[in-house]
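# Report on the structure
Residue strings, one per chain:
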Amino acid sequence: VQERLLYVLNPGNNTVGIFNLDGQHWVHVLPVEGSPTAIAWDSALQRLYILSQENGLLTSYRGPGYDDPVHVEVGSFPWALCVHRASHRVYVACPGEPGTQERGMVAVVDGSTLAVLGDIPVRVAPHDVIVEQSSHKVFAANYDSNNVSVIDGATLQLTGSVPTGMHPLKME
């Protein structure tokens, strides 16, 4: 029987709480190194991914025990992430350190091996990333360049951009 779980990001105390919706109780509270900014769940791999802005890490915990976290360096100031369910690739928007001239990128991690597959340079300050599951197109909202980068998730190549309004921040 699969439990219905709610994952709660708590940046105020650097934790992620896991709440059992059926039993109405907390089952785990996981520590996070640095300031956590985003979480994602891959149900097929039973992996929880947590981003930490302060140290540029993607931390992976494997359910149901959530023991032995694995840390992967993904880039400067990671802000958002998403998971492609079929390939188990994790896409991480890394806008770079605020106040610098650092160009943004999308880091790609193989969720099965936790190996970094590459960094895709995008425009300035990507603050969100989403993947369209059927086409495997990845979209990064570039806050400071007022556009959305389009990436082919199969080849990891930047294929274009779409102009937006000022400071695109989130996508759905």
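Look up a bit, the structure's there.
Attention here is on the structure that accompanies the text. (Residues numbered from 1 in each chain as written. Predicted model: local features only at pLDDT ≥ 70, side-chain atom pairs only at ≥ 80, totals over all residues. Heavy atoms only, no water.)

Our focus in this paragraph is the overall build of the protein. Counting its regular elements, the protein contains zero helices and 15 strands. In terms of overall size, the protein behaves like a compact globule, its C-alpha atoms giving a radius of gyration of 16 Å where 172 residues would be expected to give roughly 16 Å. If you line up the protein on its principal axes, its C-alpha atoms span 45 × 35 × 30 Å. Surface exposure of the protein reaches about 8,500 Å², of which carbon and sulfur atoms provide 52%. (Helix = DSSP H or I, 4+ residues; strand = E, 2+ residues; numbered from the N terminus. Rg over C-alpha atoms; globule rule 2.2 N^0.38 Å. Areas by Shrake-Rupley, 256 points an atom, 1.4 Å probe, with all protein chains shown as cover.)

Taken as a whole and assessed by the stated rule, the structure comprises two salt bridges. Put simply, Arg4 and Asp22 hold a salt bridge, and the shortest N to O gap is 2.8 Å. Placement of Arg4 in the segment before β1 (5-10) and of Asp22 in the loop between β2 (15-20) and β3 (25-31) is noted, with a sequence separation of 18 residues between them. Overall, Asp22 belongs to the partly exposed group, its relative accessible area being 48%. The residue Lys170 makes a salt bridge to Asp128 at a minimum N-O spacing of 4.0 Å. In this pair, Lys170 sits in the segment after β15 (157-163) while Asp128 sits in strand β12 (residues 126-132), placing the two residues 42 residues apart along the sequence. Look at Lys170 and you get exposed, because its relative accessible area is 61%. (Salt bridge = Lys/Arg side-chain N within 4 Å of Asp/Glu carboxyl O. Buried < 20%, exposed > 50% of the residue type's maximum accessible area, 1.4 Å probe, protein only.)

All right, on to the environment of Ala141 then. Position of Ala141 relative to the elements: it lies in strand β13 (residues 137-142). On the accessibility criterion, Ala141 (0% relative accessible area) is buried. Taking C-alpha positions, Ala141 is 8.7 Å from Ala93, a pair spaced 48 residues apart along the chain. Look past the residues within four positions of Ala141 in its chain and what remains in contact with it is Ala125, Pro126, His127, Asp128, Asn147, Val148, Pro168, Leu169 and Met171. (Contact = heavy atoms within 4.5 Å.)

A word on the nonpolar core. In terms of nonpolar packing, the biggest core is built from 17 residues, with Tyr49, Leu51, Leu58, Val74, Leu81, Val90 and Val92 touching the most fellow members. Elements with a contribution of two residues or more to this core: β4 (36-42), β5 (47-52), β8 (80-84), β9 (89-94) and β10 (105-110). Every residue in contact with Leu51, bar those within four places of it in the chain, is listed here: Ser35, Pro36, Thr37, Ala38, Leu57, Leu58, Val74, Pro78, Trp79, Ala80, Leu81 and Val92. (Core = buried A, V, L, I, M, F, W, Y, C linked by side-chain atoms within 4.5 Å.)

Moving on, we come to the side chain of Thr59. You can see Thr59 is positioned in strand β6 (residues 57-62). A distance of 2.9 Å separates a polar atom in the side chain of Thr59 from a polar atom in the side chain of His71. Once residues within four sequence positions are removed from consideration, Thr59 is found in contact with Leu48, Tyr49, Ile50, Pro69, Val70 and His71. (Polar contact = N/O pair within 3.5 Å; in protein donor to acceptor, adjacent residues only side chain to side chain.)

The full count for this structure, using the stated rule, is four aromatic pairs. Measuring from ring centre to ring centre gives 5.0 Å for Tyr7 and Trp41, while their planes differ by 25°; the resulting arrangement is stacked. With Tyr7 in strand β1 and Trp41 in strand β4, the pair connects residues that are 34 residues apart, well separated along the chain. Taking 6.4 Å as the distance between ring centres and 40° as the angle between the ring planes, the aromatic pair formed by Trp41 and Tyr66 counts as tilted. With Trp41 in strand β4 and Tyr66 in the loop between β6 and β7 (67-73), the pair connects residues that are 25 residues apart, well separated along the chain. Aromatic ring contacts, followed pair by pair, group Tyr7, Trp41 and Tyr66 into a single cluster. (Phe/Tyr/Trp six-rings, centres within 6.5 Å; stacked < 30°, edge-to-face > 60°.)

The pairing of strand β14 (residues 147-152) with β15 spans six bridges and is classified as antiparallel. In the strand pairing of β15, Ser149 is matched with Ser161. Between β14 and the antiparallel strand that follows it, β15, lie four residues; Leu156 among them carries a positive phi value of about 60°. (Pairing = 2+ DSSP bridges.)

Any functional reading would require information beyond the geometric quantities listed.
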